[in-house]
Amino acid sequence: MVTAFRPGQHCVLKVHNSVSYGTRCEEELLCRNYSLAVEECYVQNTAREYIRAYKEVAKAAEAFGEVPDIIPIYLVHRPSNDIPYATLEEELIGDFVKYSVRDGREVNLMRRESEAGQKCCAFQHWVYHKTEGNLLVTDMQGVGMKLTDVGIATCRKGYKGFRGNCSTSFIDQFRALHQCNRFCGLLGLQALQSDQPKPKRTGNDPKLKPKKKTLTSSKV
Ligand SMILES: [Zn+2]
């Protein structure tokens, strides 16, 4: 058995619950509570898989140094509680900061630059590149190299059967804003502009002509 926590270690219990509108029956709310908690674990675990792969690549890059990590979270069931499902994770001690997708600086008045922030930003670029722009780990935040509560945005259809918990627009935003740093360089990542599809040729090749839309959408 793997011991998740040391005796006496401080933990954070997060309760995931949707707003009650009164008309919903208790069973439905319970279902919602369960699925939100499970989704949260799923998102964090998926992000952890990516950061694990990133670590392997970063270790091979010369002079990369320490790599950020996303801390594990656990699903807990408290049957005697009205909101029985929750997640449990280690409490991070220290300055909790969020890192900008643009340049990895802190998202606060200080706007401090740090190695952790730049490595998080390079991680986002690496995942974006690895998934061909279909998935992005967002909300990079935590204390130093320890991250928690990250989000995932995927393209509309999802990526490899997985749909993130953040809007697809995060991906567009990242593509437009991200500025490569030296850690992107160490991993051989290219500036995002060159990742974008080349402009279509406008020759006489009929295959290259834009397809006409024949379906009418009922969406407003
Ligand atoms: Zn980059």
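Shown above is the structure to which this text applies.
So, a few notes on the structure that sits alongside this text. Because the structure is a prediction, the values reported are computed rather than measured.

1. Things to note about the overall build of the protein
Along the protein, the regular secondary structure elements total 5 helices and 9 strands. Taken from N to C terminus, the helices and strands of the protein fall in the order β-α-β-β-β-β-α-β-β-β-β-α-α-α. Accessible area for the protein stands at about 14300 Å²; split by element, carbon and sulfur atoms hold 52% of it.

2. Topic: helix α2 (residues 115-130)
Along an α-helix, residues three or four positions apart point the same way, because every turn accommodates 3.6 residues. Helix length check: α2 (16 residues) gives 22 Å between terminal C-alpha atoms against 22 Å at 1.5 Å per residue, within 8%. In terms of burial, α2 is a largely internal element, 13 of the 16 residues being buried. Directly after α2, the chain includes Glu132, whose backbone phi takes a positive value near 55°.

3. Overview of the coordination of the zinc ion
Protein-derived coordination of the zinc ion comes from His125 (ND1), His178 (NE2), Cys180 (SG) and Cys184 (SG), at a distance range of 2.0 to 2.4 Å. Each of the 4 donor atoms around the zinc ion contributes to a set of angles spanning 99 to 119°, which defines the coordination as tetrahedral. Positions of the donor residues of the zinc ion along the chain correspond to the pattern H-x52-H-x1-C-x3-C. The class of His178 is buried, set by a relative accessible area of 7%.

Conventions adopted
Residue numbers run consecutively from 1 along every chain, following the written order of its sequence. Restriction of local features to residues with pLDDT of at least 70 applies here, the model being predicted, together with a cutoff of 80 or more for giving and counting side-chain atom pairs; totals for whole chains, interfaces and linings are based on all residues. Hydrogens and water molecules were not included; the side-chain quantities draw on all heavy atoms of the structure. Numbering of helices and strands starts at the N terminus; helices are DSSP runs of H or I of at least 4 residues and strands are runs of E of at least 2. Note that accessible areas follow from Shrake-Rupley with a 1.4 Å probe, and for residues the cover is restricted to the protein chains shown. In this scheme, a helix's expected span is set at 1.5 Å multiplied by one less than its residue total. Per-residue accessibility, obtained with a 1.4 Å probe over protein chains only, is compared with the maximum for each type, and a residue is labelled buried under 20%, exposed over 50%, and partly exposed between these values. Coordination partners: N, O, S within 2.8 Å of the metal, 3.2 Å for Na, K and Ca; water not considered, so apparent gaps in a site are possible. Four donors are marked tetrahedral only if all angles between them lie between 85 and 135 degrees, whereas four are marked square planar and six octahedral if opposite donors are more than 155 degrees apart and the other angles lie between 65 and 115; the remainder are marked irregular.

Purely geometric stuff here, so don't read any function into it on its own.
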